[in-house]
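# Observations on the three-dimensional arrangement
The residues making up each chain are set out below.
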Amino acid sequence: MSVVGPTRLVLLRAGKYDYGEVELTRPLHLVGPNNVGKTSLIAALQFLYIDDQRHMHFARDLADTRRYYFPDPSSYVLFECLTPAGFQVLGVQGLGPLKQYEFQRFAYRGRFEPEDFLDAERRVREPDEVRARLAPRGYALLEPRHLRAALTGLGDARGVHLGLVPLRHRDHYPRFRAMFRNLLRLAHLRQEELREFFVEIHQAEFQQAEIDLERDYAGQYDKVRRGAAELADLRAVEEEARRLLEAAARRRGLRRELPALWEALGAAYARDEAADATALADLGARRAEVSQRHARTEGERRELQEALRRAAEERGALGERLRELDAQAAEFETFLAPLEAEKRDRLEADAEALAVLLGRAQAEPAPRLEARLARNEAELARKRELRERLAGALAARLLEAFSPEDLGTVFRLGNPALLGLPAGPGGVELRDAAALEARLRDVLARVEAGAYADAAVRVALAALPAPELAEYADAATVEERIAELAAEVERDRAALEARREADRLRVRLEALRRERDACARRLLRHEAFRERLAQAEGWRERHGELGRIEGELGERLEALDRLRDELTGELRRLQGEEAALAERRRRREEAVRRLAPPPSEWGADPAVGLPPELSGDLHALAVRYAEGSRDERRLAEQVEEGLRAVRARTYGRLDRDTEEEGLSALAEELDAVAEKARAVQALWKALAAGLTSAFRALARDLETLESRVDELNRALAKVSVSNLARLRLLVREHPEWTRRLKTVSVQEEMPLFGDRKAVDEALAQLGNLLSHYPRVRLLDLFHLHFEITTPDGASRTYPHLDTIESHGTTITIKVLINLLLLRGLLGRKEVSLPFYLDEVASLDHENLAGIVKKAQELGFVPALASPEAMDAADLLYFLAERQGRVLLEPRTSLVRIQRGEEGE
């Protein structure tokens, strides 16, 4: 029968691999330097066996891991698997950066064929093309839940059945997922995890792996315990309970009378309130009439006051205008407008001229003016000197023999200043004019295509400045330049002088502008004065008329003030009467408001009569109701406090939804003592028998677990671990729980209430057990430890798999334990499961051989990794990195080890 499991792992443009392919049916060994991609190759197995990426573990975080394995949509991780339905391929494809480097799983029937994914040039095909080629073979996308169902055969797998994880129990997949991840990275297996693994793996063999004491027995125990306590509690509160019931009876009488008193009180209150309401309405009507007259009077007063204010304001404004006009007439008595306008224009012209001068002075900074002046003065001196010696200069002599263009070409290569020197002593002495002419012509002969060239150099003439020969050939040009420089020097000197006087000129300019503005304002004011003078007569007539109007309005306002005062007094009197009536109503309302109405649930009893002296007297009714309410509250507090005390002393057993129900329950409880005693005896035997049976089953399950640990130890004994004579897993029972199991078993045989003291002790122990341990699990009864025995016979015990002896020994033991536990989850079906063992160089040959052999016996395929090759595996893959990428192909990278019978 063929073994179900993955047969081949292929990476296409995933991680460091442009192409990577390894077989997964026989032990393999990845050989290569660190960081070449060994771990990332085998860690990709998580994409096959772990449904949810949140439960995967890689060296990088989840986002970086996706980006590493699936950089673009042409990145694939492919698993060829032999399944119960034949060969199938489970693939994982990247979705690229636009989808945050997420990935999707897919499956199809058949084996992995490279041409489905690679073209003739070994380039990865486009995703659409790949899907089109795989569609005839049942290509289907799988979500995490579909992958889980395909692996385990449980749930909706979208028609894909891989069967790679045939679990013994359908709910063990999360445990498998954790164990497989532990195996891939050899995580520490803690004491608690190891115990949980053992119990879960063998769950079906246990009769009672857990007892829910709270659910199954706490209720019976509470009934037994409460029954005895209730009898004593009731006898202790009997006398107090009878006084409580008598107070409750008196309170019931008051609660019948108080509703009748409240109805009579309400009727008297309504009668008095109606009479006062009528009187208050009459007062309100009279006050409203007076208020309306007062409002009309006040409105007329406001209108007269407004008219008087407007007249006074207008008369005051006219008076102010006339006074201002008189003052201006005195001011402009001798004013001549044409002379003032002429003065304004003159000041404006002076200011503009001064502003222009200041503008020129501020055009350039003084340092720049001074520098340019110095340059121009020096240049002017040089030009004047040149003018004096122009006729005898070297340039004049040479221009007789050369054209200006040729001479300019030659002196681009030399110093043009030589042309201005005098031809004679103190300048350039011509010792041999013919020789000089010949030398210059020789230079000209070497000029061709705009460049001078000889055996040593070549010079582009365009890169050199051309000399100004016009100055040497024409005296008029020199004179013209002298005149220009002289004008520039004069302008710069004037500008510097203006800058030195700038502050004084600005002060003068501001003074001129202020005087000009003053003239302009005087002219405007004079023009306005002339316009207002024409209106003066009309203003004086209106001023007198407004004085007469103010007098008439003042008399009418005095009359309205007297009427307003009369109406205000009437309003105050009416308001006082209303206030007195309102105060009487407030006191009556306050007297009744202090009284709380009886609760509606008391009801009104028509049979309850009231004394005649109370009929219609609101005050007497209020006093009687207040006294009765106080008595009722006192009795209610007495009943409430008494009932609370009784409840407390009976530990809440008399708690009811209402107080009346609690009082009724109290009376009933006093008559139930004998019946309660019989009920307690009936519960004890059933409780003891049930507990004993459950604890005996739990003890048998502990024995079953110990036998399974013995089986594991027998499997460990078949594997040779260097430096160890023996490795065992020990079960150590929890002594306290062992004692409890035996105690409960003994109590079952005790006659019911035969030894009262012994039974009380048993109940106390059982009560402590129930209060501290609502559930008792098989996991609580034992601890697991590792015992190793060295060749010299010495034994040591370790509670965890963190570090046992040497590093190599620890790795060996962890691998073996993880393999055995994982095998236990998978049941007995023929499946193979690959796992990863990194840095096997730290293991000696004996331990490594033992791991490989035991792994194969259990149905696991070890994938080893180290920098150097070792002969423990059947397949050796040699990994090499070129420019950051890895190409791992069987035809170039795989070496198969052929073993004879000796090595088999």
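Residues numbered from 1 in each chain as written. Predicted model: local features only at pLDDT ≥ 70, side-chain atom pairs only at ≥ 80, totals over all residues. Heavy atoms only, no water.

### A closer look at the sheet that holds strand β15 (residues 795-798)
Selection criterion: When DSSP finds at least two bridges between two strands, those strands are taken to pair. Strands are runs of DSSP state E lasting at least 2 residues, helices are runs of H or I lasting at least 4, and numbering of each runs from the N terminus. Between the N-to-C directions of two axes lies an angle of 0 to 180 degrees, each axis being a line fitted to C-alpha atoms and, for a helix, fitted only over the stretch in contact.
Reading across from one edge, β12-β14-β15 is the order of the 3 strands in this open sheet, with antiparallel pairing throughout. Only two strands of the sheet have a single partner each, and these edge strands are β12 (726-733) and β15. Along the sheet, successive strands turn relative to each other by an average axial angle of 30°, direction set aside. Pairing of β12 with strand β14 (residues 782-789) involves 8 bridges; the strand directions are antiparallel. Bridge pairing links L729 to F786 in β14.

### Quick look at the packing of aromatic side chains
Here is the rule we go by: In this analysis, rings of Phe, Tyr and Trp, with Trp reduced to its six-membered ring, are considered paired at centre separations within 6.5 Å, and the interplanar angle assigns stacked below 30 degrees, edge-to-face beyond 60, and tilted for intermediate values. Think of it in three bands: with a 1.4 Å probe and only protein chains considered, a residue is buried below 20% of the maximum accessible area for its type, exposed above 50%, and partly exposed in between.
Per the counting criterion, the structure on display carries 20 aromatic pairs. Aromatic pair F70 and F103: ring centres 5.4 Å apart, planes at 35°, arrangement tilted. Residue F70 is located in the loop between α3 (62-69) and β4 (76-83), and its partner F103 is located in strand β6 (residues 103-109); the two are separated by 33 residues in the primary sequence. Here F70 and F103 have matching classes, each one buried. Chaining the aromatic ring pairs together yields one cluster made of F47, F58, Y68, Y69, F70 and F103.

### Examining the pattern of salt bridges
Keep this limit in mind: Every case where a carboxyl oxygen of Asp or Glu lies within 4 Å of a side-chain nitrogen of Lys or Arg is listed as a salt bridge.
Tallied over the full model, the rule gives 62 salt bridges. Residues R111 and E80 are paired through a salt bridge, measuring 3.3 Å at the closest nitrogen-oxygen approach. With R111 in the loop between β6 and α4 (127-134) and E80 in strand β4, this residue pair connects regions lying 31 residues apart in the sequence. Among the residues examined, E80 registers a relative accessible area of 2% and is labelled buried. A salt bridge links R123 to E121, with the nearest nitrogen and oxygen atoms 3.4 Å apart. R123 sits in the exposed class, given a relative accessible area of 52%.

### Comments concerning the side chain of T7
The criterion, for reference: In this analysis, two residues are considered to be in contact whenever any of their non-hydrogen atoms come within 4.5 Å of each other.
Topologically, T7 is positioned in strand β1 (residues 5-14). Owing to a relative accessible area of 13%, T7 belongs among the buried residues under this scheme. Contacts of T7, omitting those with residues within four sequence positions, involve V22, E23, L24, T25, E80, C81, L82 and F87.

### Remarks on the confidence of the model for the protein chain
Stated precisely, the cut-off is as follows: What pLDDT expresses is the predictor's confidence in each residue, scored from 0 to 100.
Looking at the protein chain as a whole, its pLDDT mean stands at 82, while 88% of the residues score no less than 70. Confidence drops under pLDDT 50 across residues 748-754; counting only partners more than four residues distant or on other chains, this segment forms 15 contacts.

### Considerations on the sheet that holds strand β19 (residues 881-882)
Judged by pairing direction, the sheet is mixed, and its 8 strands sit side by side in the order β7-β6-β5-β4-β1-β2-β20-β19 without closing on themselves. The strands lining the two open edges of the sheet, one partner per strand, are β7 (140-142) and β19. Bridge analysis of strand β5 (residues 86-94) against β6 gives 7 bridges, and the strand direction is antiparallel. Pairing of L90 across the sheet is with A107, part of β6. Those strands touched by helix α5 (residues 144-152) are β5, β6 and β7, and its axis lies near 100° from that of β7.

### Regarding the environment of L398
The residue L398 is located in helix α13 (residues 394-399) in this model. On the accessibility criterion, L398 (8% relative accessible area) is buried. Remark: the alpha-carbon pair of L398 and A423, spanning 25 residues in sequence, is separated by 9.9 Å. Setting aside anything within four residues of it in sequence, one finds L398 in contact with L407, F411, L419, L436 and L440.

### Quick look at α4
How we decide: This arc is built from the directions going out from the helix axis to the C-beta atoms.
Inspection of α4 places P127, V130 and L134 among the buried residues, and these make up the whole buried set. Along α4, the residues classed as buried sweep out an arc of 60° about the axis, all on the same side. Facing away from the buried side of α4 by over 90 degrees, the exposed positions are D128 and A132. Check the buried side of α4 and you find it contacts β4, β5 and β6.

### Focus on the pairing of strand β16 (residues 833-837)
β16 sits mainly inside the fold: 5 of its 5 residues count as buried. By the alternation rule, side chains of β16 split into L833, F835 and L837 and P834 and Y836, which are all buried. Where β16 meets strand β17 (residues 860-866), 5 bridges bridge the pair, whose relative direction is parallel. Paired with Y836 across the strands is A863, a residue of β17.

### Points about the packing of helix α10 (residues 238-331) against helix α21 (residues 659-670)
Selection criterion: Under this scheme an angle from 65 to 115 degrees is roughly perpendicular, one under 35 degrees roughly parallel, and one over 145 degrees roughly antiparallel; angles in between are oblique. By the definition used in this description, the sense in which the near helix is turned from the far one sets the handedness, with an anticlockwise turn below a right angle giving left-handed and a clockwise turn giving right-handed. Note on residue classes: Ala, Val, Leu, Ile, Met, Phe, Trp, Tyr, Cys and Pro are nonpolar, Asp, Glu, Lys and Arg are charged, and everything else, Gly too, is polar.
For the pair α10 and α21, the least separation of the axes is 11 Å and the interaxial angle reads 140°. When the axes of α10 and α21 are compared, the pair comes out oblique. With respect to the hand of their crossing, α10 and α21 are arranged in left-handed fashion. Along the contact surface, α10 presents E238, A241, L244, L245, A248, R251 and R252, while α21 presents E659, E660, L663, L666, A667 and L670. Residues of the contact of α10 with α21, tallied by class, amount to 8 nonpolar, no polar and 5 charged.

### Structural notes on the pairing of strand β20 (residues 885-888)
Side-chain alternation along β20 places V886 and L888 on a buried face and R885 and L887 on a face that remains uncovered. Of the strand pairs in this sheet, β19 and β20 are connected by 2 bridges, and their pairing is antiparallel. Looking at β20, one finds that E881 is bridged to V886. Between β19 and β20, which pair antiparallel in sequence order, lie 2 residues; one of them, Q883, sits at a positive phi of approximately 55°.

### Considerations on the packing of α10 against helix α20 (residues 618-649)
Where α10 meets α20, the axes come as close as 8 Å, and the angle between the chain directions of the two elements is 150°. One way to sum up the angle between α10 and α20 is to call them roughly antiparallel. Seen along the crossing, α10 lies across α20 with a hand that is left-handed. A class-by-class count of the residues in the contact of α10 with α20 yields 21 nonpolar, 4 polar and 10 charged.

### With respect to unusual backbone geometry
Unusually for a residue other than glycine, Y101 sits at a positive phi of about 60°. With respect to the element layout, Y101 can be found in the loop between β5 and β6. Positive phi, close to 55°, is recorded for Q883, a residue that is not glycine. Summarising the element assignment, Q883 is placed in the loop between β19 and β20. When its relative accessible area of 84% is taken as the criterion, Q883 is described as exposed.

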